[in-house]
Amino acid sequence: MPYGRADPRSAPHRKTGRLLHLVLPSGLAAMAALGCDEAAPGPDPGPAAPVGSALISWSFASASGDAVSCSAAGVGSVRVQLGGEPRTIVCGDTMSTRFEDLLPGRFPVVIERLSTSGAVVETHLNNIQVAGLEETTYTHVFSISNIGGSGVGTLEIRWFIDGDVPARGCAATGGVSIRAVILDGPADVPPFTAPCTEGSRTLEGIRQGNYRVQVTLLDLSEQPVGFPALENGVFVTQNMTETVSLDIVTQLPVAGQLLARWTLSSTGTEARCAGPPECTVEVSVRTDVSQSVSTTASAAVSRGAVFFEDLPVGRSPEGAGLRATYRLIERALGSQVLDTEIVRDIVLQPSRTGTVTVELAAPDGG
């Protein structure tokens, strides 16, 4: 899958200086000839900045607030990320993790609830403020709605081909049938094959809970055409019909486009970021599984958006979309990150410009 590049129109302008040849007096030239090793020592940098720590914990509860065990909640592990590499903690007696040696500042918190098979069932996002020489505590309670439930619901699966309806897309790509597989749920659901032009299939009597649905397009020889479409976190509710729409991509164009937009949440944030110097917003777009950097662009906060092109279209072979990370940066004194927001599972379609928008907020005070 190709990496993207940011539109040069969204990159900050840089001035290139001209190299000046200076003629030094003989005394200064002699001092310069001594080299860096004999230069006078610089000012004392002072003591290192005080560091803090953060204790992130979680629990599971029913809708009425009663505690729920890992087995009853169907949780295999919890993955936690605090600005750096994620940690995976097996669900059990320990429901917390500590991050140490953190510089004071604002950190994005990502807590993911994983099923026993390792699939992401639910993601919680927030921010915490870490202070020096202190421990910041943060707790999240996952609400579990289908504890030991045996209720059943209905799952309707719809599919499209390269963004088009099956009536046209199947013939255009040589697709004859589709193969649908329902994965990682609380109960086994038999896979099925259906004519491509059918466009949808309704499954009844599906035990409530979270599932993953994958649909593959097949040709006349039952060979895959294009890339399988995968949808995570499909939640079937008792006595309800859950509809999931999947787009099977068969041809990846050279350029997928994304317009990353932002707004400010309050007049206080607007005033703080008005400057001078004006705040900037940095947007990084990455693949959601490997977290490899695809492209990054930044612009003044008043601009309101940056534009990306040459991004991957559709989902990766692992079924992942893209992730956009926004950082609101103040440069009045050095560089301070005021807010971080993350948009996950962005799936770009052929011949379309995707758009995502977040609301950024600056903390009160300086």
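Values in this document were obtained by computation on a predicted structure and should not be read as measured data.

Q: When you look at the overall build of the protein chain in this model, what are you seeing that I'm missing?
A: Across its full length, the protein chain carries four helices and 22 strands. Looking at the protein chain residue by residue over its 366 residues, the buried ones come to 41%. Within the protein chain, counting contacts between residues at least 6 apart in sequence, those at least 24 apart form 67% of the total. Accessible surface, the protein chain: about 19,700 Å² in total, of which carbon and sulfur atoms supply 52%.

Q: What is the right way to look at the sheet that holds strand β12 (residues 200-207) in this model?
A: Pairing between the strands of a sheet is mediated by backbone hydrogen bonds and can be parallel or antiparallel. Read across the sheet, three strands follow the order β12-β9-β15 without closing on themselves; strand pairing throughout is mixed. Two strands bound the open sheet, and with one partner strand each, they are β12 and β15 (241-248). With strand direction ignored, the average angle separating the axes of adjacent strands in the sheet is 25°. Summarising the sheet, strand β9 (residues 152-161) and β15 pair through eight bridges and their orientation is parallel. Its bridge partner lying in β15, Thr154 is registered against Thr241.

Q: Sorry, what's going on with the side chain of His140 here?
A: Along the chain, His140 turns up in strand β8 (residues 135-143). With a relative accessible area of 13%, His140 lands in the buried category. Polar side-chain contacts of His140 include one of 3.5 Å to the side chain of His124.

Q: Even after reading the chapter, I still don't get helix α3 (residues 166-173), so can you show me in this structure?
A: Residues Pro166, Gly169 and Cys170 constitute the buried set of α3. Seen along its axis, α3 keeps its buried residues to an arc of 100°; they face one direction. Seen from the open side of α3, the exposed residues pointing more than 90 degrees away from its buried face are Ala167, Arg168, Ala171 and Ala172. If you follow the buried residues of α3, they end up packed against β9.

Q: Which parts of the structure should I look at to understand the state of the cysteines?
A: In a disulfide, the sulfur atoms of two cysteines are held together by a covalent bond. Under the counting rule described, the total for this entry stands at three disulfides. A sulfur-sulfur distance of 1.9 Å marks the disulfide that ties Cys170 to Cys196. Taking the sign of the torsion about the S-S bond as the criterion, the disulfide between Cys170 and Cys196, at about -80°, is left-handed. Of this pair, Cys170 sits in helix α3 while Cys196 sits in the loop between β11 (192-195) and β12, and the two are 26 residues apart along the sequence. Across this residue pair, the class does not change: Cys170 and Cys196 are buried. The disulfide partner of Cys273 is Cys279, and the S-S distance across this bridge is 2.5 Å. Disulfide Cys273-Cys279: torsion about the S-S bond near -75°, hence left-handed. A relative accessible area of 1% places Cys273 in the buried class. For Cys279, a relative accessible area of 0% gives the class buried. Ordering the disulfide-forming cysteines of the protein chain by sequence position, one finds them joined as 1-2, 3-4, 5-6.

Q: It is not clear to me how the nonpolar core should be interpreted in this structure. Could you clarify?
A: Among soluble globular proteins, nonpolar side chains are generally buried collectively. Membership of the largest hydrophobic core comes to 26 residues, with the highest contact counts inside it found for Trp262, Val283, Phe308, Tyr326 and Leu328. Elements represented by at least two residues in this core include exactly β16 (256-264), β17 (280-287), β18 (293-300), β19 (305-311), β20 (322-330), β21 (336-346) and β22 (353-360). Sort the elements by how many residues they give to this core and β20 lands first, with four residues. Counting residues in hydrophobic clusters, the runner-up holds 25 residues, among them Cys170, Cys196, Leu203 and Leu217.

Q: Would you mind going over the environment of Asp164 with me for this structure?
A: Within the fold, Asp164 resides in the loop between β9 and α3. Accessibility expressed as a relative area gives 24% for Asp164, which makes it partly exposed. There is a polar contact of 2.8 Å between the side chain of Asp164 and the side chain of Arg168.

Q: Please clarify how the sheet that holds strand β7 (residues 120-130) should be interpreted in this entry.
A: The strand order across the open sheet built from four strands is β4-β3-β6-β7, with neighbouring strands paired in antiparallel fashion. Each having just a single partner strand, β4 (87-90) and β7 make up the two edges of the open sheet. Here the strands of the sheet are splayed against their neighbours by 20° on average, with no regard to which way each runs. As defined by bridge partners, strand β3 (residues 75-82) adjoins strand β6 (residues 105-115) across seven bridges and the pair is classed as antiparallel. Paired with Arg79 across the bridge in β6 is Glu112.

Criteria and thresholds
Residues numbered from 1 in each chain as written. Predicted model: local features only at pLDDT ≥ 70, side-chain atom pairs only at ≥ 80, totals over all residues. Heavy atoms only, no water. Helix = DSSP H or I, 4+ residues; strand = E, 2+ residues; numbered from the N terminus. Buried < 20%, exposed > 50% of the residue type's maximum accessible area, 1.4 Å probe, protein only. Contact = heavy atoms within 4.5 Å. Areas by Shrake-Rupley, 256 points an atom, 1.4 Å probe, with all protein chains shown as cover. Pairing = 2+ DSSP bridges. Axes fitted to C-alpha atoms, helices over the stretch in contact; angles between N-to-C directions. Polar contact = N/O pair within 3.5 Å; in protein donor to acceptor, adjacent residues only side chain to side chain. Arc of directions from axis to C-beta. Disulfide = S-S within 2.5 Å. Core = buried A, V, L, I, M, F, W, Y, C linked by side-chain atoms within 4.5 Å.

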